[in-house]
Amino acid sequence: MPGNSVSDPRLGELLDGIIRLAAGDLRCRVKPSAARDEIDAVITGINLLADDLQLVYEELEARVESRTALLREAHREMERMAMTDALTSLANRAALLAAIDRELAAAAAGGPPPALLMVDLDSFKGINDSHGHGAGDQVLTGVAERLRESARETDVVARLGGDEFAILIPGASLAGAMNVGERILNALNGGLKVGHRNIVCRASIGLRMAERGQSAQELLQEADVAMYAAKAEGSAKVKVFEPFMLHAQQLRNMLAVELRRAISEDQLVLHYQPIIELATGRIEGVEALVRWQHPDRGLIMPDEFIAVAEEIGVVAELGRWVIGTALAQLRGWKDALELDERFSVRINISPFQLQSIEFVDDIWKALRSAEIKPANLILELTESVFVGGTELDRYSILGLRQLGVGLEIDDFGTGYSSISYLRRLPVDKVKIDRSLLGEPAQDPQQRAFLTAILQLVRACRLEAVFEGIENRSQAEELRRLGAESAQGYYFSRPLPAEGILDLLGRSPADQHWSL
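These figures come from a predicted structure and were not determined experimentally.

Basis of the calculations
Residues numbered from 1 in each chain as written. Predicted model: local features only at pLDDT ≥ 70, side-chain atom pairs only at ≥ 80, totals over all residues. Heavy atoms only, no water. Core = buried A, V, L, I, M, F, W, Y, C linked by side-chain atoms within 4.5 Å. Buried < 20%, exposed > 50% of the residue type's maximum accessible area, 1.4 Å probe, protein only. Helix = DSSP H or I, 4+ residues; strand = E, 2+ residues; numbered from the N terminus. Contact = heavy atoms within 4.5 Å. Salt bridge = Lys/Arg side-chain N within 4 Å of Asp/Glu carboxyl O. Pairing = 2+ DSSP bridges. Axes fitted to C-alpha atoms, helices over the stretch in contact; angles between N-to-C directions. Parallel < 35°, antiparallel > 145°, perpendicular 65-115°, else oblique. Left-handed = near helix turned anticlockwise from the far one by under 90°. Nonpolar A, V, L, I, M, F, W, Y, C, P; charged D, E, K, R; others polar. Phe/Tyr/Trp six-rings, centres within 6.5 Å; stacked < 30°, edge-to-face > 60°. Polar contact = N/O pair within 3.5 Å; in protein donor to acceptor, adjacent residues only side chain to side chain.

Q: What is the right way to look at the nonpolar core in this model?
A: For soluble globular proteins, nonpolar side chains are generally found buried alongside one another. Of all hydrophobic cores here, the largest spans 79 residues; its most connected members are Trp333, Ile347, Leu379 and Phe466. Here this core gets eight residues from one element, more than from any other, and that element is helix α10 (residues 315-336). Leaving out residues up to four positions away in the same chain, Ile347 has contacts with Ala288, Val322, Ile323, Ala326, Leu377, Ile378, Leu379 and Glu380. Grouped together as the second largest cluster of nonpolar side chains are 33 residues, Val139, Leu147, Ala151 and Ala203 included.

And the structure:
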């Protein structure tokens, strides 16, 4: 048959089609002839196989494209997760640094420099300790939401870790950046609702306006320095970075290192200021005041290092040393002299110490070690601890009351000073701040004012201790008004233990302040 001739051109077309299919051209088809013979049957079979191969290839290609799209989406999600804080869904440190780099590059090309706000929550550790880490996480997510609401749409809001946040403000003026900072403070001012509780959460904010040539790390560091300067001035403040702050921070860092060494190497000392019973002139007790005998700088006052101790987390260790040393000294005085059974030592307590669950137990151990009765120890705490304190604060205060330790409000008149809370507080004494004293002997209105304060304190069944007495007329007028106790430079400056021993050895009539 002619269709079976080896010279049939269809055989060449068939061979060429098979070669093209084998090379991957799945769209290649061999056109069958009208002969409909065996060669056409082979051609039809090859074409059907090509159809099947093309269908399989297209399905495979679609599947590969789908898998590739899924991989690309997973990669984008991984990148997003790598740039996002898991708890708050804000940008994280890496994302913030990348955004800062972009803005600084744009500024280097002639655009306006950005501003950076560093936001740190005040006393967040106390929230975790008193309400639990679950509540702490809710506070952080609530703060994150307030920050988003306070920032502009173009701003980058980030959580850097812990309770530290940052907001990058592209192309901002100083006034505009300050406005964002103030909005944040106002947004946090009302507290955050966590379950059935309203948790007060304030912040300190540092602001750094970027300069051309700065690196991202330098901008972060200087905003952080400004934030610590704001924290040092008290909560709920915005502080703009100034160059001198870097030097101050370096000194503070050096002080922190040296303070740790001071505690371990016994460089701390206690001085004691007498507290005088005005009616008799006797020394009814002393206030223990810590000093740092620095090997190079000499005697450093507590105002310079207590805040640093709180910041670096050694205030509890420092406090234990003060309490143990003061009680041991009281035992020494009791052994050397016949002191009145009511003679007491007063010690200032940092709010951070109350946050320790072991605080009450530490007090009990120190009293037992020195063989001192709890009533002979009076702890001075600020008004804010009693009024705005946490659950852990209240737990510690209750434990101290049950132990029998005396409690005294320190610096009364500088904080809340509310009559409604004063009569409910679990305290024995109130120390009236020196700013309320004035010169009552010369000013009738001031005399009437002090009389009213004394009446208020007595109505609450508390005892008043006046501090800052600097002259005889103030002491005499307070005694005439019926004030119970006082302390100040008129009676004595803070003295080493040996100086107090000398004063305790004299009778009230032999003291220079004999009234």
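Q: Can you help me understand the pattern of salt bridges in this one?
A: Pairs can form between side chains of opposite charge once their charged atoms are near each other. All chains considered together, the criterion is met by 32 salt bridges. Arg29 is the salt-bridge partner of Asp51, the closest N and O atoms lying 2.6 Å from each other. Pair noted here: Asp51 is in helix α2 (residues 38-82) and Arg29 is in the loop between α1 (9-22) and α2, with a separation of 22 residues, a long-range link. For Asp51, a relative accessible area of 37% gives the class partly exposed. Across the pair Asp335 and Arg331 runs a salt bridge, and its minimum N-O distance is 3.0 Å. Pair noted here: Asp335 and Arg331 are both in helix α10, with a separation of four residues, about one helical turn. Arg331 sits in the partly exposed class, given a relative accessible area of 22%. A cluster of three or more residues bridged by salt bridges with shared partners is formed by Glu284, Glu287, Arg346, Glu380, Glu408 and Lys431.

Q: So what exactly am I meant to see when it comes to the sheet that holds strand β1 (residues 115-121) here?
A: Strand pairing in a sheet relies on backbone hydrogen bonds. The paired strands run either parallel or antiparallel. Pairing within the open sheet is mixed, and its five strands lie in the order β2-β3-β1-β6-β7. Each end of this open sheet is capped by a strand with a single partner; those strands are β2 (156-161) and β7 (237-240). Direction aside, neighbouring strands of the sheet carry axes that sit 20° apart on average. Here helix α5 (residues 133-150) sits on the sheet and contacts β1, β2 and β3 (164-169); the angle it forms with β3, its principal contact strand, is near 15°.

Q: Is there a simple way to think about the packing of helix α16 (residues 444-459) against helix α17 (residues 472-481) in this case?
A: Two numbers describe a pair of packed helices, the interaxial angle and the distance between the axes. Where α16 meets α17, the closest approach of the two axes is 10 Å, and the angle between their N-to-C directions is 50°. Here α16 lies oblique to α17, going by the angle between them. For the crossing formed where α16 meets α17, the hand is right-handed. Across the interface between the two elements, Arg447, Leu450, Thr451, Leu454 and Arg458 of α16 pack against Glu477, Leu478, Arg480 and Leu481 of α17. Classifying every residue of the contact of α16 with α17 by side-chain character gives four nonpolar, one polar and four charged.

Q: Just to check I follow, could you spell out the environment of Asp52 for this structure?
A: Among the structural elements, Asp52 can be located in helix α2. Relative accessible area serves as the criterion here: at 48%, Asp52 is assigned to the partly exposed category. Between the C-alpha atom of Asp52 and that of Ile357, which follows or precedes it by 305 residues, the distance is 76 Å.

Q: Sorry, what's going on with the packing of aromatic side chains here?
A: Pairs of aromatic rings are described using the distance from one ring centre to the other and the angle between the two planes. Scanning the model with the defined rule gives four aromatic pairs in all. Residues Tyr272 and Trp333 carry aromatic rings whose centres are separated by 4.9 Å and whose planes lie at 75° to one another, so their mutual orientation is edge-to-face. Taken together, the residues span a long stretch of sequence, with Tyr272 in strand β8 (residues 268-277) and Trp333 in helix α10 at a distance of 61 residues. Looking at Trp333, the relative accessible area reads 2%, which means it is buried. Every member of this aromatic cluster is reached through a ring pair, and the members are Tyr272, Trp333 and Phe343.

Q: Explain the side chain of Thr88 here, please?
A: Mapped onto the fold, Thr88 is located in the loop between α2 and α3 (93-108). A distance of 2.6 Å separates the side chain of Thr88 from the side chain of Asp85, its partner in a polar contact. Non-local contacts of Thr88, meaning those with residues more than four positions away in its chain, are made with Leu140, Thr141, Ala144, Arg148 and Arg159.

Q: Help me understand the packing of helix α7 (residues 216-232) against helix α8 (residues 244-264) in this model?
A: Running from N to C, α7 and α8 point in directions that differ by 75°, and their axes come no closer than 10 Å. Between α7 and α8, the angle is such that the two are roughly perpendicular. Here Gln221, Glu222, Val225, Ala226, Tyr228 and Ala229 of α7 lie close against α8, whose contacting residues are Met245, Leu246 and Gln249. When the residues that make up the contact of α7 with α8 are grouped by side-chain class, the tally is six nonpolar, two polar and one charged.

That is the geometry; function is a separate question.
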